Amino acid sequence: MKVKAYNQGMLKTELCNKWQESGTCPYGDNCQFAHGMRELRPVVRHPRYKTQICRMVLTRGTCPYGHRCHFRHSLDHQDR
Ligand SMILES: [Zn+2]
Ligand SMILES: [Zn+2]
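Residues numbered from 1 in each chain as written. Chains lettered and ligands numbered in written order. Predicted model: local features only at pLDDT ≥ 70, side-chain atom pairs only at ≥ 80, totals over all residues. Heavy atoms only, no water.

Identification of the protein as C3H1-type domain-containing protein from Rubus argutus is taken from an unreviewed UniProt entry.

Okay, here's the thing in structure tokens:
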């Protein structure tokens, strides 16, 4: 499975919530989120990023990954 390697590629592609709120983070250097723009890395998109409808949204109407989900959440192509 290539899923693990891909997940590692997502490290520090988002700002740390804790760090944003308080300026510190208990995880320090081990945190999987970026502490500041200097640590923020460009997101490596999956080649099929958001080209397929999210199954979670289809079956449950909601997705636990939210905007981090690799699949599309809107059921049509047109933005309102
Ligand atoms: Zn952090
Ligand atoms: Zn989703």
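Chemist: Where do I start with the UniProt feature "zinc finger region: C3H1-type" (unreviewed entry) in the protein in this structure?
Modeler: Per the UniProt entry, the sites bearing "zinc finger region: C3H1-type" (unreviewed entry) are residues 10–38 and 48–76 in this numbering. The span residues 10–38 shows a helical share of 21% and a strand share of 0%, and its end C-alpha atoms are spaced 16 Å apart. (UniProt positions renumbered as here; feature names shortened; annotations may be inferred. Helix = DSSP H or I, 4+ residues; strand = E, 2+ residues; numbered from the N terminus.)

Chemist: Mind showing me how you'd approach the pattern of salt bridges here?
Modeler: Across all of its chains, the model carries two salt bridges by this definition. Measuring nitrogen to oxygen at the nearest pair gives 3.1 Å for the salt bridge that ties Lys12 to Glu39. Placement of Lys12 in the loop between helix H1 (3–8) and helix H2 (17–22) and of Glu39 in the loop between H2 and helix H3 (55–60) is noted, with a sequence separation of 27 residues between them. A relative accessible area of 30% means that Glu39 is categorised as partly exposed. In this structure, Arg68 and Glu14 form a salt bridge, with 3.4 Å as the shortest nitrogen-oxygen distance. Separated by 54 residues along the polypeptide, Arg68 in the segment after H3 and Glu14 in the loop between H1 and H2 bring together distant segments of the chain. (Salt bridge = Lys/Arg side-chain N within 4 Å of Asp/Glu carboxyl O. Buried < 20%, exposed > 50% of the residue type's maximum accessible area, 1.4 Å probe, protein only.)

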